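Observations on chain architecture
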Amino acid sequence: MTDAVGSIDMPDAQDEAPESKKTRKGGKRGKKGPLKRLALFYRQIVAELRKVVWPTRNQLTTYTTVVIIFVVIMIGLVTVIDYGLSNAAKYVFG
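This one's a predicted model, so the numbers in the text were calculated from it and none came from an experiment.

In this section: the overall build of the protein chain. Helix and strand content of the protein chain: 4 helices and 0 strands. Going from the N terminus to the C terminus, the protein chain shows its helices and strands as α-α-α-α. In the protein chain, which comprises 94 residues, the share counted as buried stands at 2%. Here the protein chain displays about 9,600 Å² of accessible surface, and carbon together with sulfur accounts for 65% of that area.

As structure tokens, then:
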């Protein structure tokens, strides 16, 4: 089990990797060509999209209606505030 600071089993000073070891650049991904990396990227995109739970047509209609109603209400609210502030500015500044 770990906490926000680090591992419970090991002190924080031992969690850091020693600087004497050389790190490899690229690893397995560095050896592939750009087309293979691009193909892998698209395969991963398709795999993630298959995990998505898509809404039903009824849910989509409900969500769209709620968003449109909310946007219309916000447009009305901003319009009323703008109209009020413009009239207040005309009253104050002539």
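This model, assessed by the stated rule, comprises 1 salt bridge. When the shortest N-O distance is used, the salt bridge between K51 and E48 registers 3.2 Å. Of this pair, K51 and E48 both sit in helix α3 (residues 34-51), 3 residues apart, which is roughly one turn of the helix.

Okay, the environment of Q59 next. Residue position: Q59 is located in helix α4 (residues 57-93). There is a polar contact of 3.0 Å between the side chain of Q59 and the backbone nitrogen of T56.

Tallied over the full model, the rule gives 1 aromatic pair. Measuring from centroid to centroid gives 5.6 Å for F41 and Y42, while their planes differ by 65°, and the two rings are edge-to-face. Classification of F41 by relative accessible area gives partly exposed; the value is 45%. The partly exposed category is assigned to Y42, whose relative accessible area is 48%.

Here we take up the UniProt feature "transmembrane region" (unreviewed entry) in the protein chain. In the numbering used here, UniProt assigns the feature "transmembrane region" (unreviewed entry) to residues 60-81. Annotation note: span residues 60-81, helix share 100%, strand share 0%, distance between end C-alpha atoms 32 Å.

A few words now on α4. Here α4 spans 53 Å end to end across 37 residues, near enough to the 54 Å set by a 1.5 Å rise per residue. The positive-phi residue at the C-terminal boundary of α4 is G94, with phi of around 100°.

Okay, a nonpolar patch on the surface next. The grouping of V67, I69, F70, V71, I73, M74, I75, L77, I81 and L85 at the surface amounts to a nonpolar patch, some 950 Å² of accessible area in total. Structurally, the position occupied by L85 is in helix α4. On the accessibility criterion, L85 (57% relative accessible area) is exposed.

Cut-offs and rules
Residues numbered from 1 in each chain as written. Predicted model: local features only at pLDDT ≥ 70, side-chain atom pairs only at ≥ 80, totals over all residues. Heavy atoms only, no water. Helix = DSSP H or I, 4+ residues; strand = E, 2+ residues; numbered from the N terminus. Buried < 20%, exposed > 50% of the residue type's maximum accessible area, 1.4 Å probe, protein only. Areas by Shrake-Rupley, 256 points an atom, 1.4 Å probe, with all protein chains shown as cover. Salt bridge = Lys/Arg side-chain N within 4 Å of Asp/Glu carboxyl O. Polar contact = N/O pair within 3.5 Å; in protein donor to acceptor, adjacent residues only side chain to side chain. Phe/Tyr/Trp six-rings, centres within 6.5 Å; stacked < 30°, edge-to-face > 60°. UniProt positions renumbered as here; feature names shortened; annotations may be inferred. Expected span 1.5 Å × (residues − 1). Patch = residues over 30% accessible without salt bridge, like charges linked within 9 Å, V, L, I, M, F, W, Y side chains within 5 Å.

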